[in-house]
Amino acid sequence: MVTTSSRLLSLLGLLQSRPLWSGPELAERLGVSVRTVRDDVARLRDLDYPVEALRGAAGGYRLGPGGRLPPLLLDDEEAVAVAVGLRSAQGLVGIEDSRARVLVKLEQVLPSRLRDTVAALEAAVERAREDTSTDAADPDVDPDVLREVAGAIRRHHWLRFTYRGEPALVEPYRLLAWQRRWYLVGRDPQRGAWQALRVDWMVLSHPTGRRFEPQQVPGGDWSAFTVREVASSGWAVHARLRVRAPAAQVLERINPAVGVVEALDDGSCVLITGADSLATVAVYAGMLGVDFTVDSPPELVTELARLAVVYTSAVRGSSAGAGR
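Computed from a predicted structure; not experimentally measured. (Residues numbered from 1 in each chain as written. Predicted model: local features only at pLDDT ≥ 70, side-chain atom pairs only at ≥ 80, totals over all residues. Heavy atoms only, no water.)

> In this structure, what is going on with the overall build of the protein chain? I would like to understand it.
Along the backbone of the protein chain there are 11 helices and 11 strands. If you take every contact in the protein chain between residues at least 6 apart in sequence, the share linking residues at least 24 apart comes to 58%. With an accessible surface of roughly 18800 Å², the protein chain has 53% of that area assigned to carbon and sulfur atoms. (Helix = DSSP H or I, 4+ residues; strand = E, 2+ residues; numbered from the N terminus. Contact = heavy atoms within 4.5 Å. Areas by Shrake-Rupley, 256 points an atom, 1.4 Å probe, with all protein chains shown as cover.)

So, in structure tokens, the structure goes:
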């Protein structure tokens, strides 16, 4: 038979897992009567846990704010998920120290069996650099900025900030993490234009406190919209290439986030692409495997010439070595 203390811990675990439970739901999960649930709730209150009872058809029990924090209750799968998630978290300034503190707290409250699991994962799991597609440094986001943006999204408040030195005002809708970068999907309330903005390029201003009525992103898919927008505006540098190949052929060779293709005629097209550096653009342009010319920027031509020297030297050196 389950002891009262074990049942109280199980009850706390259920109350932590979602915002509201009805009495019959808790009774069914715990295998007791509704009256026993009421008695257990009274015991938790005696122990200073802020369990609130809401009356009415949609009522039930929930953990209220304040009071002492309930013990951390994790089953085996949850402990593994937390440990792996903490070990994998990247892209936020100061996350290493925060992650270490959380893992220490986990070890203090978890039973020895789960503590060993978390410790084993922490010791065994490594995380390689994710952003291997560029020579630019990995960007970091200030957690305070991320928190403020998320709060504005939740409250449906306009967000005012400076973006790459220019003032900006948007209706914030979603935060998305992709390729170790954080993006905000927002809508300009004055022009009605939707955008995907790099959070690491944002410098927040004072909160506006002005509420907006949410709308649906074009196409209805937040991730797909972000990937499309990144291709045209989400990179540090952009280039326009005139490619001597059909648009369909170029589209087959690129990731949708790498560029936007515009057909000129049956045998040529324009590729608007970008990356975090011109060196990366130059390398990926060569990987198209078709002839192209550079419309802009002129600095890309210089970078292509530099790479041409490197590649030509490699070919000559390899040919000389093969002839020995």
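> Help me understand the nonpolar core, please; the structure alone is not making it clear to me.
Inside soluble globular proteins, nonpolar side chains tend to come together where they are buried. Formed by 20 residues in total, the largest nonpolar core has its most connected members in L241, V243, V250, V261, L271, L288 and L300. Mapped onto this core, the elements with two or more residues apiece are β8 (237–243), α9 (247–253), β10 (268–275), α10 (278–286) and α11 (298–322). What L300 contacts, discounting residues up to four positions off in sequence, is A239, L241, L278, V281, A282 and V294. (Core = buried A, V, L, I, M, F, W, Y, C linked by side-chain atoms within 4.5 Å. Buried < 20%, exposed > 50% of the residue type's maximum accessible area, 1.4 Å probe, protein only.)

> Looking at this structure, I do not really get the side chain of E303. What am I missing?
Among the structural elements, E303 can be located in helix α11. Taking relative accessible area as the criterion, E303 reaches 15% and is therefore assigned buried. Separated by 2.5 Å, the side chains of E303 and R306 make a polar contact. Dropping the residues within four chain positions of it, E303 is found in contact with L278, A279 and A282. (Polar contact = N/O pair within 3.5 Å; in protein donor to acceptor, adjacent residues only side chain to side chain.)

> I would appreciate a short explanation of the packing of aromatic side chains in the present structure.
The geometry of two aromatic rings is summed up by the distance between their centres and the angle between their planes. Per the counting criterion, the structure on display carries 7 aromatic pairs. On the basis of an interplanar angle of 25° and a centroid distance of 5.8 Å, the ring pair of Y173 and W222 is categorised as stacked. Linking Y173 in strand β4 (residues 166–178) with W222 in helix α8 (residues 222–233), this pair joins segments that are 49 residues apart in sequence. With relative accessibility at 4%, the residue Y173 sits in the buried group. Given a relative accessible area of 14%, W222 falls into the buried group. Seen from the ring of W21, R18 lies directly overhead, with NZ or CZ sitting 3.7 Å from the centre. Above the face of the W201 ring, R164 is positioned so that its terminal group lies 4.0 Å from the ring centre. (Phe/Tyr/Trp six-rings, centres within 6.5 Å; stacked < 30°, edge-to-face > 60°. Lys NZ or Arg CZ within 6 Å of the ring centre and 35° of its normal.)

> What should I look at first to understand the pattern of salt bridges in this one?
Opposite charge on two side chains makes pairing possible when the charged atoms of those side chains draw close. Evaluated as defined, the whole model comprises 12 salt bridges. In this structure, E25 engages R18 in a salt bridge whose closest nitrogen and oxygen atoms are separated by 2.5 Å. We note a salt bridge from R198 to D200, for which the minimum N-O separation is 2.9 Å. The partly exposed category is assigned to D200, whose relative accessible area is 23%. Here the residues in one salt-bridge network are R7, D40 and R43, joined through shared partners. (Salt bridge = Lys/Arg side-chain N within 4 Å of Asp/Glu carboxyl O.)

> Could you clarify how one ought to interpret a nonpolar patch on the surface in this entry?
Taken together, the side chains of V283, Y284, M287, V310 and Y311 make up a nonpolar region of the molecular surface, amounting to roughly 480 Å² of accessible area. At the level of elements, α10 and α11 are the ones that each hand at least two residues to the nonpolar patch. In this structure, Y284 sits in helix α10. Looking at Y284, the relative accessible area reads 38%, which means it is partly exposed. (Patch = residues over 30% accessible without salt bridge, like charges linked within 9 Å, V, L, I, M, F, W, Y side chains within 5 Å.)

> Hey, could you run me through helix α2 (residues 23–30) in this one?
Within α2 the residues assigned to the buried category are G23, L26, A27 and L30. Viewed end-on, α2 has its buried residues packed into an arc of 100°, placing them on one side of the element. Along α2, the residues that are exposed and aim more than 90 degrees away from the buried face are P24, E28 and R29. Packing partners of the buried residues in α2 comprise α1 (4–17), α3 (34–46) and β2 (60–63). One or two steps after α2, the chain reaches G31, where phi turns positive at roughly 70°. (Arc of directions from axis to C-beta.)

> I'm lost on the sheet that holds β10 in this one. Help?
In a beta sheet, neighbouring strands pair by backbone hydrogen bonds and run either parallel or antiparallel. One open sheet accounts for 4 strands, arranged β9-β10-β8-β11; its pairing is antiparallel. Strands at the two margins of the open sheet, each flanked by one partner only, are β9 (259–265) and β11 (292–296). Each strand of the sheet is rotated relative to its neighbour by a mean of 25°, with strand direction disregarded. (Pairing = 2+ DSSP bridges. Axes fitted to C-alpha atoms, helices over the stretch in contact; angles between N-to-C directions.)

> Quick question: what am I supposed to make of the packing of α1 against α2 here?
Two measures define how a pair of helices packs: the angle their axes make with one another and the distance between the axes. Two elements in contact, α1 and α2, have axes separated by 11 Å at closest approach and are oriented at 130°. One finds that α1 runs oblique with respect to α2. Between α1 and α2 lies a crossing whose hand is right-handed. Counting all contacts with α1, which are made through R7, S10, L11, L14 and L15, the residues of α2 involved are L26, R29 and L30. (Parallel < 35°, antiparallel > 145°, perpendicular 65-115°, else oblique. Left-handed = near helix turned anticlockwise from the far one by under 90°.)

> Looking at this structure, I do not really get the packing of α1 against α3. What am I missing?
Contact pair α1 / α3: the axes reach a minimum separation of 10 Å and the direction vectors enclose 85°. As judged from the angle between their axes, α1 and α3 are roughly perpendicular. For the pair α1 and α3, the contacting residues are T4, R7, L8, L11, L12 and L15 in the first and T36, D40, V41, R43 and L44 in the second. Of the residues that constitute the contact of α1 with α3, the class distribution is 6 nonpolar, 2 polar and 3 charged. (Nonpolar A, V, L, I, M, F, W, Y, C, P; charged D, E, K, R; others polar.)

> So what exactly am I meant to see when it comes to the sheet that holds strand β5 (residues 181–187) here?
Spatially, 5 strands are ordered β6-β5-β4-β3-β7 in an open sheet, and the strand pairing comes out antiparallel. Each of the sheet's edge strands pairs with one partner strand only, and the pair in question is β6 (194–198) and β7 (202–204). Direction aside, neighbouring strands of the sheet carry axes that sit 55° apart on average. Sheet contacts for helix α7 (residues 143–155): β3 (159–163), β4, β5 and β7; angle to β4, the most-contacted strand, approximately 95°.

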